[in-house]
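Per-entry structural report
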Amino acid sequence: MKKSVLWACLAMLLVVSLLLPSQPAVLAQSATIYTTDFNSGYSSWTAAGNVSSVASPSIQPNSVRMVGAGASITRTISTVDYTNISVTWNMAASSLENNEYCYVEYNTGSGWVVIGTVANGQDNSTFYNGTTSNISGADNNANFQVRYRIQTANSGGDYCYAEDITVTGTSGASPTNTPTATATQPGPTPTNTPPGPTPTPPPGGSMPGDPLTGDGNVSRSLLTYNDLMSGSSTAPVDDSAFALPANAAMPDHIFEGRLELFNEAASGGFSEIKDTYNYTGGADSPRKHLPEFDFEFVQNGSHLIPVTQGLIYTGHPFWNYNIGPGRVWKENSDNGYSRAAFPFALVQRNANCTHNGVMTFLFNNSGVSKVRYQITQETCFYYKINMWGQLDAAYSSYAVSNAAALKSNHAAEVANRLPTKPIADLASDYPGSGVDVNVFGSGITPEHMTFYGIIINGTNYISGCTTRYGNYAFCENLRAPSYSTAKSAFASVALMRLGQKYGTGVYNLLIKDYVPEYSVGNWNSVTFNHTIDMATGNYRLAGYMSDEGGSYMEAFFLAEPYTDKINAAFNFPNKKAPGTTWVYHSSDTFIVTRAMNNYLQTQEGSGADIFNMVNNEVFAPINLSAGVSTIRTDNASYGAPFGGYGLFWTQDDIAKVVKFLNNDGGYANGSQILHAGMLQDSMQKNANDRGMTTSGTTAFKYNNGFWAKDFKPADGYSCTFWTPFMSGYGGITVVMMPNGVTYYYFSDNDEFNWYNAVHEANKLSPHCP
């Protein structure tokens, strides 16, 4: 553009601004706040560990090299008087191995956030670059920081190289709320996805995905305005009728207050698919109806957020609730009403079986339509049902306390979800691998699959979530039960966290000193570590799962009061010395979880709770959803956590947990959260500690609540390697492979079939170096 034309355009803008007196005549100016190419060194940065200037590799002529554990360079940059802050970075690596990374991060005062990473496979001294824009919390910040860092357990031999970095901003402009990020790499490799959380929106900020861009012209034949206002429910409908349609418009109303349903105990339809224990027959039963529903919600843009997420104890004889966030939108055919829908689950009382459903309704400022609900999916081996109905309802509109924090927290959770792609995209993202995506999910009967996925290089490649009536409307918020994956991801993680906080002596504390109810058996020298390994020496039958499946374990599984459950847990005579024989007992995990809880109270006071510690100090830093919760004894929030089962995962939750364990080494937000040594043992990275050898036809290892399977040259590989995995009742497997890839599936037909997935993942990245 010629200068004369440019000045003419600027002059025209100024004239227009003068003709509009309500608008400030200020032009936004994009400016460089800070930049360096490190050619003159890094003296203005704070260095830690082994750091030096080098000539190669570099863009030109110098870069900053960081070598080994603890090496980093940090710079504080004032962004006062600037908004819309962006960071552009360049970084390279060499000699990295699995689970070793080079990071570039920023910190607005709320902890370090990763915006770029270079990992094993990218460590060829080639410089990668990326830009993260509109960083939340960075505007007008006198203490904004950027950092290059290496993550490795080695003192040398691993190298990260920092190069040109630029921080820019806008002066004289209003801040924006939607963070964006781009990354550029040479060649056809996948997008360079940061392993850490993405920027967090500000309180009350716009939700990711908002505003909806449709015009509201939605073609609808199910759950129409007339259906919800005056119709009835005679059978389930396709779940897509509850989903946000492609052409939805932003809603005209805000839902904030309480939604109450009426006549839950006597209304609704029910059909039985499978009932192993004869729970229900032809007669009516409370098990065939919803518990009372009377809960608060707030709305942020098009997102409907329940005030209480996670397990809700209802007092119903058979069911508790777990309510998830949903959506609100406008359809032109709804006669001026806004339409809302949200996911919920019925959770069997004192058990982990989870039955997923949806609800939908219309509302305006004056009231609410009837509420349609249906449940057509579950993760439950022994009890499968459909439930449906349409109930009268009341909407009480009022300002919900702490609404701003609820909106902000949910916006942050959504923004911090890992990137997702359909699992079919693996083939196009890794075109030279020859991977057959149909292998993943195979071996499991499709109608019994809840969901499955592959996590690689920070991206969660996911399946859909099928029901008996089409695809689930809120797959991203569907809750799957943890079952025994909790033994790994809760109980074992709790012990690793205690070891990091209070030292490894915690592992050798005696059960009898912290659980006074011990009675049957010999517990004189049984440690926390023996018990997490299921090697207490107290058992009846040493056969594979013989005790776990014994009729005498029913007293433990069915017990609801804490006193009954802990007494049933100590129900095995002594047979061997501790640490010598593995026998699987969910009751052992309950015992060690109680022991850790009581130990924690000696350190932090009588109000300390072992699940709350894990939730606040582990799950929160890795940004798990608000609905992650635990079943407790006494069917009450004051009860003791089960430990060995009883959590609830979304696809994003389980992906973040395994990424934290298998890829990030228990490190998050600039801190080592889990004890690195115990985690390495659990992840089979210590050849001197494979764990206990299990019984059964397949000799697995069991170490700190994690299973492991070895694969050998006879299996088609060039080396022998171990894969740690989590396993859950009914058909749940989470396999964390040494190439950094994780395969997971949640199903409920008692099918455990995943060796072929390990073989196929070898095509994406070799298990053997």
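Heads up: these notes are all about the structure in this document. (Residues numbered from 1 in each chain as written. Predicted model: local features only at pLDDT ≥ 70, side-chain atom pairs only at ≥ 80, totals over all residues. Heavy atoms only, no water.)

**Things to note about the packing of aromatic side chains**
The description of an aromatic ring pair uses the distance of the two centres, along with the angle that the planes make with each other. The line we're drawing: Note on aromatic pairs: the rings of Phe, Tyr and Trp (six-membered ring only in Trp) are paired at centre separations within 6.5 Å, and the planes decide the class, stacked below 30 degrees, edge-to-face beyond 60, tilted for the rest. Every helix listed is a DSSP run of H or I at least four residues long, and every strand listed is a run of E at least two residues long, numbered separately from the N terminus. Summary of the burial criterion: residues with accessible area below 20% of their type's maximum are buried, those above 50% are exposed, and those between are partly exposed, where the area comes from a 1.4 Å probe applied to protein chains only. Either the NZ atom of lysine or the CZ atom of arginine qualifies as a charge over a ring when it sits within 6 Å of the ring centre and within 35 degrees of the ring normal.
Summed over all chains, the structure comprises 61 aromatic pairs. Arranged with centres 6.2 Å apart and planes meeting at 80 degrees, the rings of Tyr279 and Tyr382 form a pair that is edge-to-face. Taken as a pair, Tyr279 in the loop between β12 (269–275) and β13 (294–300) and Tyr382 in the loop between β20 (371–379) and β21 (383–391) lie far apart in primary sequence, 103 residues in all. On the basis of relative accessible area, Tyr382 is assigned to the buried category, the value being 10%. Considering the side-chain rings of Tyr717 and Phe721, the 4.9 Å spacing of their centres and the 85 degrees angle between planes classify their relative orientation as edge-to-face. We note that Tyr717, like Phe721, is buried. Among the aromatic residues, those joined into a ring-pair cluster are Tyr544, Trp582, Tyr584, Phe700, Tyr702, Trp707, Phe711, Tyr717, Phe721, Phe725, Trp754 and Tyr755. One Lys or Arg, Arg540, reaches over the ring of Tyr552 and ends 4.2 Å from the middle of that ring. Positioned over the ring face of Phe556 is Lys565, at 4.4 Å from the centre of the ring.

**Quick look at the sheet that holds strand β23 (residues 420–422)**
Threshold: A strand pair is defined by DSSP finding two or more bridges across the two strands.
Strand order in the open sheet formed by nine strands is β23-β25-β24-β37-β36-β35-β34-β33-β32, and the pairing between neighbours is mixed. Only two strands of the sheet have a single partner each, and these edge strands are β23 and β32 (692–693). Bridge analysis of strand β36 (residues 732–736) against strand β37 (residues 742–747) gives five bridges, and the strand direction is antiparallel. Opposite Val734, over in β37, you have Tyr744 as the bridge partner.

**A short note on the pairing of β21**
β21 sits mainly inside the fold: nine of its nine residues count as buried. Of the pairings in the sheet, the one linking β20 to β21 comprises five bridges and is antiparallel in character. The residue of β21 that forms the bridge with Gln374 is Trp388. Between the antiparallel neighbours β20 and β21 lie three residues.

**Points about the pattern of salt bridges**
Basically, it comes down to this: Salt bridge, as applied in this entry: a Lys or Arg side-chain nitrogen positioned within 4 Å of an Asp or Glu carboxyl oxygen.
Throughout the structure, instances matching the rule amount to 25 salt bridges. The salt bridge partner of Arg327 is Asp210, with a shortest N-O separation of 3.8 Å. Linking Arg327 in strand β17 (residues 326–329) with Asp210 in the loop between β10 (180–184) and α2 (225–230), this pair joins segments that are 117 residues apart in sequence. Exposure remark for Arg327: the relative accessible area of 15% places this residue in the buried category. The class for Asp210 is buried, based on a relative accessible area of 15%.

Everything listed is a geometric property; what it means functionally is a separate question.
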